[in-house]
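# Tertiary structure, described
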Amino acid sequence: MANFDELTKNLTNILIRQLCPYLKIKKRSSDLDASTKVLVALNFFATGSYQTPVGNSRFTSISQSSVSRCIEEVTTALNEDDIFGSWVKFPGNIRELRKVRNEFYETTGFQGCVGCIDCTHVAIIPPIKYPFNANPEYIYINRKGYHSINVQLICDAKLRILNVNAIFPGSTNDSFIWNSCDVLPVVEQLYTNGDSGYALRPWLLTPFNNPVTDVDQYYNKMQMSTRSIIERSNGVLKMRFRCLLKHRFLHYHPEKCTKIINACTVLHNICITNNVPLPVEEGPIDIDMGII
């Protein structure tokens, strides 16, 4: 199965064992085992292919409906609190915060940073009226004119994703997503308890629109150099799990798209934590990564 061989055999086996308790038990000889389910889902995440080609690959020969069930089961398992919460988590104590802050300083020279934030768009098909979808179709159209989920990501200096919010339609403003984020109260409290910082929004540092002094220009240079880490993290996420690329489109209702995005985030962090080599870009390098 193409592309997911970036996960080593040993790492894939560990993942299968972790997900086994959350997958349906094999009851009949014709039922797929846990390994096949996970491998089929990984193939989909990595390639973004339609379900029928995934099932008809030279590695597997299963029906489209079976592929659909594999993707559903594995995606749901990766969204379980025990799995998702262990891999995607914002620092929860001073020791963890200091570790993240020190990594940023060692990597970029920027002091006091505990995360880089940006939003990226994941393309979806125009959603039909669905029992679980309370939003009208048109609010999923983003400023570039295609339907999407506007996904907020916060990462550390190692490209690990510390927080993901993938519930808002494509037309949602980035600031609105941030103001709805459960990380905001945490950083506000950090500032209230004594962290010094930027005058207007001490917990969220943005570049000067019109830098005047040498100090302003130096700050902008350092800020933008540090901020580029989130762009790189987003690029690695989408190049590794190409189902999230704009030209692939997720062919599911928005709620399932949210779960798929979360699942890919977990897998991304597993790769980063285990030093899986970064993906090598194939074909044209000018790929729309969904950052508007």
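In this report, the structure presented in the accompanying data block is examined. This one's a predicted model, so the numbers in the text were calculated from it and none came from an experiment.

Looking now at the overall build of the protein. Counting its secondary structure elements, the protein contains ten helices and three strands. Secondary structure elements of the protein, listed N to C terminal, follow the sequence α-α-α-α-α-α-β-β-β-α-α-α-α. Within the protein, the fraction of its 292 residues that count as buried is 48%. At a minimum sequence separation of 6, the contacts of the protein that also span at least 24 residues come to 69%. For the protein, the accessible area works out to roughly 15,300 Å², and carbon and sulfur atoms hold 53% of it.

This next bit is on the packing of aromatic side chains. Scanning the model with the defined rule gives four aromatic pairs in all. Between Phe44 and Tyr252, the ring centres sit 6.0 Å apart and the planes meet at 90 degrees, which makes this aromatic pair edge-to-face. Of this pair, Phe44 sits in helix H2 (residues 34-47) while Tyr252 sits in the loop between helix H9 (214-240) and helix H10 (254-273), and the two are 208 residues apart along the sequence. In this structure, Phe44 and Tyr252 share a single accessibility class: buried. Connected via pairs of aromatic rings, a cluster forms that spans Phe44, Phe45 and Tyr252.

What the three strands build is an open sheet, ordered S1-S2-S3; its pairing is antiparallel. The two strands at the open ends of the sheet, each matched to only one other strand, are strand S1 (116-123) and strand S3 (161-169). Strand-to-strand, the axes of this sheet are offset by a mean angle of 20 degrees, without reference to chain direction. Bridge analysis of strand S2 (residues 148-155) against S3 gives six bridges, and the strand direction is antiparallel. Bridge pairing links Asn150 to Phe168 in S3.

Three- or four-residue spacings in an α-helix give side chains the same orientation, since the helix completes a turn every 3.6 residues. Over its 14 residues, H2 extends 20 Å from the first C-alpha to the last, a length consistent with the 20 Å expected when each residue adds 1.5 Å. When you tally the buried positions in H2, you get eleven out of 14 residues, the bulk of the element. Within H2, the full set of buried residues consists of Ala34, Lys37, Val38, Val40, Ala41, Leu42, Asn43, Phe44, Phe45, Ala46 and Thr47. Of the residues flanking the end of H2, it is Gly48, one or two places downstream, whose phi is positive at about 70 degrees.

Moving on, we come to the pattern of salt bridges. Counted under the stated rule, the structure contains eight salt bridges. With a shortest N-O distance of 3.5 Å, Glu72 and Lys259 are connected by a salt bridge. Taken as a pair, Glu72 in helix H4 (residues 64-78) and Lys259 in helix H10 lie far apart in primary sequence, 187 residues in all. A salt bridge links Asp118 to Arg227; the nearest nitrogen and oxygen atoms lie 2.7 Å apart. Taken as a pair, Asp118 in strand S1 and Arg227 in helix H9 lie far apart in primary sequence, 109 residues in all. Accessibility expressed as a relative area gives 11% for Asp118, which makes it buried. Each member of the salt-bridge network shares a partner with another, and the members are Lys99, Glu103, Asp156 and Arg160.

How each quantity is defined
- Residues numbered from 1 in each chain as written.
- Predicted model: local features only at pLDDT ≥ 70, side-chain atom pairs only at ≥ 80, totals over all residues.
- Heavy atoms only, no water.
- Helix = DSSP H or I, 4+ residues; strand = E, 2+ residues; numbered from the N terminus.
- Buried < 20%, exposed > 50% of the residue type's maximum accessible area, 1.4 Å probe, protein only.
- Contact = heavy atoms within 4.5 Å.
- Areas by Shrake-Rupley, 256 points an atom, 1.4 Å probe, with all protein chains shown as cover.
- Phe/Tyr/Trp six-rings, centres within 6.5 Å; stacked < 30°, edge-to-face > 60°.
- Pairing = 2+ DSSP bridges.
- Axes fitted to C-alpha atoms, helices over the stretch in contact; angles between N-to-C directions.
- Expected span 1.5 Å × (residues − 1).
- Salt bridge = Lys/Arg side-chain N within 4 Å of Asp/Glu carboxyl O.

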